[in-house]
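Residue-level structural notes
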Amino acid sequence: NYRAPLVPPSSSFISRRYWWKRIIRLRHAKRQLVRGSEEAASLGSKRSDEGGGGVTWSEVKAKRSRAEVIGKCSKDGSILEVNVTPCPQIPCLLHKGQSYSVNVTFSSKIESQGSKAKVFGEIMLVDVPFPLEEPDGCKSGVKCPILNGHSYSYLNKLPVKSDYPSIKLLVKWQLSDDQGGLLFCWKIPVEITG
């Protein structure tokens, strides 16, 4: 495991300040990921014993007293439920060459004629884009135009290409409105495996 050096590489105050902030952010992100993974894993194993095929994030949120699952950054909407299938435990094991279903129920706080989805793999706080076969939210279950105060179900698939590296990372999924605001945004820890 990589451990950040405790001594900043430069003696300047700005460099030291940046370096310490980065170390604190990385440690905080790791704690959040571990805590969320442990809690969701207990629910995932329970659902697996009962014959369930995926983790429902409303259950994870109900178990935690906090509003977010792993992280949420929605501004123009509120997430009601996120379901990734098949994903019986956290982190989700994504097998190369397979596709995974994503179902997000959300309510909108704004009006928008359209919506566009983006998916990223977050590696060391850097977002790497994942290609989507259908980025248009209006063709993915969302009935457009989007109205203020209404609830919608977003349905899509996450294809895992065979040339992806075997790696652990966070997947960040977001849906934007016409003005670039986020109708929803959430993260899930995954492990890409052969």
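Residues numbered from 1 in each chain as written. Predicted model: local features only at pLDDT ≥ 70, side-chain atom pairs only at ≥ 80, totals over all residues. Heavy atoms only, no water.

Under the annotation held in an unreviewed UniProt entry, the chain carries the name NPC intracellular cholesterol transporter 2 and is attributed to Naja naja. In its Subcellular location (unreviewed entry) section, UniProt records this for the chain: "Secreted". What the UniProt record of the chain gives under Sequence similarities (unreviewed entry) is the line "Belongs to the NPC2 family." (UniProt positions renumbered as here; feature names shortened; annotations may be inferred.)

**Section: the side chain of Ser115**
By secondary structure assignment, the location of Ser115 is in the loop between β4 (99–108) and β5 (116–123). Classification of Ser115 by relative accessible area gives buried; the value is 8%. Every residue in contact with Ser115, bar those within four places of it in the chain, is listed here: Pro135, Asp136, Gly137, Cys138, Ile146, Leu175, Ser176 and Leu183. (Helix = DSSP H or I, 4+ residues; strand = E, 2+ residues; numbered from the N terminus. Buried < 20%, exposed > 50% of the residue type's maximum accessible area, 1.4 Å probe, protein only. Contact = heavy atoms within 4.5 Å.)

**Re the pairing of strand β8 (residues 168–176)**
Across the nine residues that make up β8, a large majority, eight, are buried. Here seven bridges tie β5 to β8, and the two strands are oriented antiparallel to one another. In the strand pairing of β8, Gly121 is matched with Val171. Connecting the antiparallel pair β8 and strand β9 (residues 182–193) is a turn made up of five residues, with Gly180 showing a positive phi of about 90°. (Pairing = 2+ DSSP bridges.)

**Some words on the state of the cysteines**
One pass over the structure, following the stated rule, counts two disulfides. At a sulfur-sulfur separation of 1.8 Å, the disulfide partner of Cys87 is Cys92. Between Cys87 and Cys92, the disulfide has an S-S torsion of -80° and is therefore left-handed. Assigned by exposure class, Cys87 and Cys92 land together as buried. A sulfur-sulfur distance of 1.9 Å marks the disulfide that ties Cys138 to Cys144. In this structure, the disulfide formed by Cys138 and Cys144 twists by about -80° around the S-S bond and is classed as left-handed. (Disulfide = S-S within 2.5 Å.)

**Section: the packing of aromatic side chains**
Using the criterion set out here, one finds six aromatic pairs in the structure. The rings of Phe106, Tyr152, Tyr154, Trp173, Phe184 and Trp186 are connected pair by pair, giving a single aromatic cluster. (Phe/Tyr/Trp six-rings, centres within 6.5 Å; stacked < 30°, edge-to-face > 60°.)

**Comments concerning the pairing of strand β3 (residues 92–95)**
Consecutive residues of a regular strand have side chains that alternate between opposite faces of the sheet. Alternating residues of β3 divide into Cys92 and Leu94, all buried, and Leu93 and His95, none buried. For β3 and β9, the ladder comprises four bridges, and the chain directions are parallel. What sits directly across from Cys92, in β9, is Val190.

**Structural notes on the nonpolar core**
One finds Tyr154, Trp173, Phe184 and Trp186 to be the most contacted residues of the largest nonpolar core, which totals 32 residues. When contributions to this core are tallied by element, the ones reaching two or more residues are β2 (77–85), β3, β4, β5, β7 (151–159), β8 and β9. Top element by residues in this core is β9. It accounts for six residues. (Core = buried A, V, L, I, M, F, W, Y, C linked by side-chain atoms within 4.5 Å.)

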